[in-house]
Structures are given as structure tokens and as C-alpha cells.
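For reference, the chains in residue letters:
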Amino acid sequence: SVRYYENQRILFTHLDEFEDTANTQMLNNGKKHAIICIDIQNKHFISDIFGASFSVKADEYVVQVICGKIIDRGIALMFYAGTIIVIISYTEISEVTDTVNDIRTSLGKCIISESSLEFRVDLVACIHKMTGEISIREAADKLFAAIKYSEISSGHFFYDDMLDEKISKELEIIKSVDEAI
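As the structure is a prediction and not an experimental result, all values here were calculated from the model.

Quick notes on helix 4 (residues 93-106)
- Given a rise of 1.5 Å per residue, 14 residues ought to cover 20 Å, and the 20 Å separating the end C-alpha atoms of helix 4 matches this to within 8%.
- Contacts made by the buried residues of helix 4 are with strand 4 (32-40), helix 3 (52-70), strand 6 (83-90), strand 9 (123-130) and strand 10 (155-158).

Below, the structure written as C-alpha cells:
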């Protein structure tokens, strides 16, 4: 479902719309922004244990929590099942990490009212300061690749130059394999 705050749309389900909105309404407003890519690590576990329809409700709950935490300073995209992209404005980078920690805490114990089943959402978030050097799409590709290759199962980390070198090499290999096929 679409979420609005003061007539501003904050939840998107299509990458093109999300990217257009971020580029036209956020990234050119003179503020600092970060992109946060979030991966729900136990998505398949939730689906396997509670069922597919519950898993859809769990996704909706996660998105509701995230939108509530970024309501006046960001936008979110439900990229695909279990993955969310957020663009958020900040003054100090600690505001971004505080938001991620607040999301993680809120999702540490979830109850969907109609089922009263309790579950925990384990997520990994990769954070990158947006500088305009790469597109949102490129940043998301790199951040999700970093999550995939990371060794943490819960928490957050920053995408930095050292990580960029490693992930860029991995993505080049994948691209060359895809082109060869």
C-alpha cells in the first residue's frame, strides 16, 4: 500500500518512481542524504514457519515500521520481498545510524494483531552517504552485494572505499560472466 505524510508519498513499489522522486524532490535540496539498503535475513524462516500469507503481512508490518521512522525525512522502496531501500536526509551521520538502530529495536519483537503470533525480524542494513557520484540504482546494487558478502547476520555497517573496491571487483566478475553466457 502507498504511504503518505503531509501529502508527500514516502513508500514506493517501483524503482523508477522511487529514483525519480529521490532525484527531483530530495537529492537536489541542499541537504545531506544517505541510502540505506535493508535485507531481512530471516525472511525465508518467517515464511517457512508461519506461511506465505503471514509472510506478506510481516513485510507490510516491516514497511510500516520503517515508514514510521523516516516519515518526515525520507522515502522507502519495497525493492522485492525482504529488501527495502531508504533514502534519508540527515544533519549528522549519527542520525542515520540511530534511525537504523531504532528500526532494528522496533522489529526485535513483532506481533501482527490479527494473528497474535510473535516473531523477530533480523535485518542487516548497509549505509552509504550519497555524494552524487553514482546513481541510486548503482548504489543499491553495491550495497545489496555488500550485504550478501558480509559476514554479519544482524546489524548495520557502512559502505566505504575499501568495501567498494572489493564489491566492484565482484560485480565486474558477475557482469562478465553474464555477458559470456
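Still more to cover.
Observations concerning helix 1 (residues 15-26)
- Here helix 1 spans 15 Å end to end across 12 residues, near enough to the 16 Å set by a 1.5 Å rise per residue.
- Along helix 1, the positions that sit buried rather than exposed are Leu15, Phe18, Glu19, Thr21, Ala22 and Met26. The buried residues of helix 1 occupy an angular sector of 165° when projected down its axis, which confines them to one face.
- Packed against the buried residues of helix 1 are strand 3 (11-12), strand 4, strand 5 (74-80), strand 6 and helix 5 (136-149).

Regarding the side chain of lysine 43
- Its location among the elements puts lysine 43 in helix 2 (residues 43-50).
- We classify lysine 43 as buried; its relative accessible area is 12%.
- There is a polar contact of 2.6 Å between the side chain of lysine 43 and the side chain of serine 55.
- Apart from the residues lying within four places of it in its own chain, the contact partners of lysine 43 are Ser55, Asp59, Ala81 and Gly82.

Describing the nonpolar core
- Counting residues in each nonpolar core, the largest one holds 31 residues, and the members touching the most others are Ile36, Ile84 and Val86.
- Elements with a contribution of two residues or more to this core: strand 4, helix 3, strand 5, strand 6, helix 4 and strand 9.
- With eight residues, the single largest contributor to this core is helix 3.
- When residues no more than four places from it in sequence are discounted, the contact partners of isoleucine 36 are Ile84, Ile85, Val86, Ile88, Val96, Val100, Ala125, Cys126 and Ile127.
- Counting 26 residues, the second largest nonpolar core, distinct from the first, contains Ile75, Ala145, Ala146 and Ile167.

Let's talk about the pattern of salt bridges
- On inspection of all chains with the given rule, the structure shows seven salt bridges.
- In this structure, lysine 43 engages aspartate 59 in a salt bridge whose closest nitrogen and oxygen atoms are separated by 2.8 Å. With a gap of 16 residues between them, lysine 43 in helix 2 and aspartate 59 in helix 3 connect regions that are remote in the sequence. Of the two residues, lysine 43 and aspartate 59, neither departs from the other in class, the shared state being buried.
- One salt-bridge network, in which partners are shared between bridges, spans Asp16, Glu19 and Arg137.

Regarding the packing of aromatic side chains
- This model, assessed by the stated rule, comprises four aromatic pairs.
- On the basis of an interplanar angle of 45° and a centroid distance of 5.3 Å, the ring pair of phenylalanine 79 and tyrosine 80 is categorised as tilted.
- Classification of phenylalanine 79 by relative accessible area gives partly exposed; the value is 28%.
- According to the relative accessible area criterion, tyrosine 80 is partly exposed, its value standing at 49%.
- Three or more aromatic residues joined by ring pairs make a cluster, and in this case those are Phe79, Tyr80 and Phe144.

About the cut-offs
- Residues numbered from 1 in each chain as written.
- Predicted model: local features only at pLDDT ≥ 70, side-chain atom pairs only at ≥ 80, totals over all residues.
- Heavy atoms only, no water.
- Helix = DSSP H or I, 4+ residues; strand = E, 2+ residues; numbered from the N terminus.
- Expected span 1.5 Å × (residues − 1).
- Contact = heavy atoms within 4.5 Å.
- Buried < 20%, exposed > 50% of the residue type's maximum accessible area, 1.4 Å probe, protein only.
- Arc of directions from axis to C-beta.
- Polar contact = N/O pair within 3.5 Å; in protein donor to acceptor, adjacent residues only side chain to side chain.
- Core = buried A, V, L, I, M, F, W, Y, C linked by side-chain atoms within 4.5 Å.
- Salt bridge = Lys/Arg side-chain N within 4 Å of Asp/Glu carboxyl O.
- Phe/Tyr/Trp six-rings, centres within 6.5 Å; stacked < 30°, edge-to-face > 60°.

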